[in-house]
Amino acid sequence: PDVAVIGLGYIGLPTAAIVARAGCRVNGVDVSQKVVDTINRGEIHIEEVDLDGLVQGVVARGLLTASTEVQPADVFIIAVPTPFDEDHAPDLTYVLNAGRSIAPVLKQGDVVILESTSPVGTTEQLRDMLASERPDLKFPGLTNETPDVSVSYCPERVLPGKILEELAGNDRSIGGITPRCARKALAFYKLFVRGTCVTTDSRSAEMTKLVENAYRDVNIAFANELSIISDRLGLDVWEVIRLANRHPRVNILQPGPGVGGHCIAVDPWFIVHSAPEESPLIRTARGVNDCKIHHVIARADELVSANPGAKVACLGLAFKANIDDFRESPARLVAATLARRYGERVSVVEPYAAELPREFEGTGAHLIDIDTALEDCDLLIVLVDHDVFRVVPLAERAGKVVYDTRGIWPDQPKLGEAAPHGLRLA
Ligand code: SAJ
């Protein structure tokens, strides 16, 4: 089939490229002319393992083209953002605009698939919108007649840093507005997915996606709450979790400086918004994870202010280990807050960044490498568990005060055990 992918971001572009590699002719559509031009040159505007070579190859073979206008196709995949507003209400503008852009070119037999994370009922809303734009076509679930166009919800569940591997390898939920729609979408995903594709209805598939990320958020909140309790009781949370996880039915996740990224800290709100009275646990977990950021800022602040002369290195800005994505990152918020308060005493080590983000401008803080930090800085605040930090041997950090929010250095003498060089420990 000819495929149109609407939205060429972190999900849309890798999907377009993989579908093209499977032999389909793909037209990627994006509102940004710059993004379209970049892709048509065989280049990419986002960082993802192996994506550059793949895009270059499929563009060179003429299988992937990009444009700002939707052209007729047999399968339409919508992969645009679904942000939320100040009240945590989901904003479906991009999804509905994408639907509006495909409506004029829809024809009998076409398959429409929404992949964007969406609150329950969005796929039906999209169908209603398409039906009102195209009264000449029959849409599923509105009458008993065989529809002209099928509409389904098929969420992605790929991990940044492993997108290409997981796009093909993961199992997928395929949620049709009707079973017939699901079968149509299934036939398409079979072209490039090795994992098992399980069909269901669109509302269950929408909820499934939200539930997966809420599950992770709640579990990370448990770990983060344990870390705050352990601070209060003077315990090493990492040791406690390691021991508890030896129980055959216990598997606690890792505490950190809070939850970042564009999914886990967002999607739970879609559930809370749709059933506020029934979701106290999910809402509280979000609160716990947000509070953890402020707990880390307060502890780091205490440590820095207790040591007026000490040079401070914040290790990491990314929202998680071994990626170069700094959006919605707790590490970045902690480092920027310290930079604003303590200026040039603060340095940042981020091997994945060429320069510091804009909010560091004028603070006096600068970007240094890990070797300089280990030579020059007295106080190390670990914010991201990048492998390059994890492998620093104890000998190179023995004399330092360390606040390790990720538990990467279990052999580090604990805060409070010994104060090196007369530094004061919080
Ligand atoms: N984190 C912890 N402790 C942990 C695990 C993670 O603090 O034990 C933090 C990370 O440091 C990061 C945040 O949580 O700040 C999120 O990282 P992540 O690796 O859990 O997830 P994402 O946001 O990269 O991707 C998630 C994935 N969802 C699940 O694992 C259920 C991915 O499969 C989804 O496709 C993606 O969200 C998405 O797009 O929805």
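Conventions we followed
- Residues numbered from 1 in each chain as written.
- Predicted model: local features only at pLDDT ≥ 70, side-chain atom pairs only at ≥ 80, totals over all residues.
- Helix = DSSP H or I, 4+ residues; strand = E, 2+ residues; numbered from the N terminus.
- Rg over C-alpha atoms; globule rule 2.2 N^0.38 Å.
- Buried ≥ 20, exposed ≤ 12 C-beta atoms within 10 Å, placed from the backbone.
- Contact = placed C-beta atoms within 7 Å.
- Near = placed C-beta within 6 Å.
- Nonpolar A, V, L, I, M, F, W, Y, C, P; charged D, E, K, R; others polar.
- Domains from an automatic or database assignment.
- Core = buried A, V, L, I, M, F, W, Y, C linked by C-beta atoms within 7 Å.
- Axes fitted to C-alpha atoms, helices over the stretch in contact; angles between N-to-C directions.
- Left-handed = near helix turned anticlockwise from the far one by under 90°.
- Pairing = 2+ DSSP bridges.
- Parallel < 35°, antiparallel > 145°, perpendicular 65-115°, else oblique.

Caption draft 1: Region of interest: the overall build of the protein. Helix and strand counts for the protein stand at 15 helices and 13 strands. Taking 426 residues into account, the globule formula puts the C-alpha radius of gyration at 22 Å, and the protein, at 24 Å, falls close to it. Taking the principal axes of the C-alpha coordinates as reference, the protein spans close to 80 × 50 × 40 Å. Residues counted as buried form 43% of the 426 residues belonging to the protein. Considering only residue pairs separated by 6 or more positions, the protein has 65% of its internal contacts joining residues 24 or more positions apart.

Caption draft 2: Quick look at the site of the ligand. As a matter of local geometry, the ligand sits amid 20 residues, with L253, G256, G260, G261 and C263 nearest to it. Here the residues of the shell around the ligand sort into nine nonpolar, six polar and five charged. Split by domain, the residues of the shell around the ligand number at least three in each of domain 1 (2-195) and domain 2 (216-422).

Caption draft 3: Up close: the nonpolar core. Core analysis: the largest hydrophobic core is formed by 57 residues, its most contacted members being V5, I6, F76, I78 and I113. A total of six residues in this core trace back to one element, the largest contributor, which is helix α1 (residues 12-21). Setting aside residues up to four positions removed in sequence, V5 forms contacts with G12, T15, A16, V26, G28, V29, I77 and A79. Of all hydrophobic cores here, the second largest spans 39 residues; its members include A313, L333, F360 and L383.

Caption draft 4: A look at the packing of helix α4 (residues 93-102) against helix α5 (residues 122-133). Contact geometry for α4 and α5: axes closest at 10 Å, N-to-C directions at 35 degrees. For the pair α4 and α5, the crossing hand works out as right-handed. Between α4 and α5, the contacting residues are V95, L96, G99 and R100 on the first element and T122, L126, M129, L130 and E133 on the second. When grouped by side-chain class, the residues that make up the contact of α4 with α5 number five nonpolar, two polar and two charged.

Caption draft 5: Local environment of the domain arrangement of the protein. Here the protein is partitioned into domain 1 (2-195) and domain 2 (216-422). One C-alpha centre belongs to domain 1, the other to domain 2, and the line joining them spans 35 Å. Listed as interface residues are 10 residues of domain 1 and, on the opposing side, 12 residues of domain 2. In terms of residue class, the side of domain 1 that touches domain 2 is built from six nonpolar, three polar and one charged.

Caption draft 6: Expanded view of the sheet that holds strand β6 (residues 150-153). Taking strand neighbours across the sheet as the criterion, the eight strands line up as β3-β2-β1-β4-β5-β6-β7-β8 in an open arrangement whose pairing is mixed. Because the sheet does not close on itself, it has two edges, and the strands there are β3 (64-67) and β8 (197-201). Across the sheet, the axes of successive neighbouring strands diverge by a mean angle of 25 degrees, strand direction being ignored. Sheet topology note: the strand β7 (residues 172-176)/β8 ladder contains five bridges and is parallel. Looking at β8, one finds that G175 is bridged to T200. Those strands touched by helix α2 (residues 33-40) are β2 (25-29) and β3, and its axis lies near 160 degrees from that of β3. Contacts from helix α8 (residues 202-233) reach β6, β7 and β8 within the one sheet, and its direction differs from that of β7 by about 145 degrees.

Caption draft 7: Examining the environment of N322 more closely. Note on placement: N322 falls in the loop between β9 (312-315) and α12 (330-342). You can call N322 partly exposed: it has 16 C-beta atoms within 10 Å. With 66 residues separating them in the primary sequence, N322 and V388 have C-alpha atoms 8.6 Å apart. Those residues in contact with N322 that lie beyond four places of it in its chain are G161, H386 and D387.

Caption draft 8: Region of the structure containing the packing of α8 against helix α10 (residues 267-274). Contact pair α8 / α10: the axes reach a minimum separation of 8 Å and the direction vectors enclose 110 degrees. Here α8 is positioned roughly perpendicular relative to α10, judged by the angle of their axes. Counted together, L210, N213, A214 and D217 of α8 and D267, P268, F270 and I271 of α10 form the full contact between these two elements. Of the residues in the contact of α8 with α10, the class split is five nonpolar, one polar and two charged.

Caption draft 9: Inspection of the sheet that holds strand β11 (residues 366-368) at higher detail. Taking strand neighbours across the sheet as the criterion, the five strands line up as β11-β10-β9-β12-β13 in an open arrangement whose pairing is parallel. Every other strand in the sheet has two partners, leaving β11 and β13 (401-404) as the edge strands with one partner each. Across the sheet, the axes of successive neighbouring strands diverge by a mean angle of 25 degrees, strand direction being ignored. Where strand β12 (residues 379-382) lies against β13, four bridges are found, and the strand directions are parallel. Looking across to β13, one finds that I381 is bridged to Y403.

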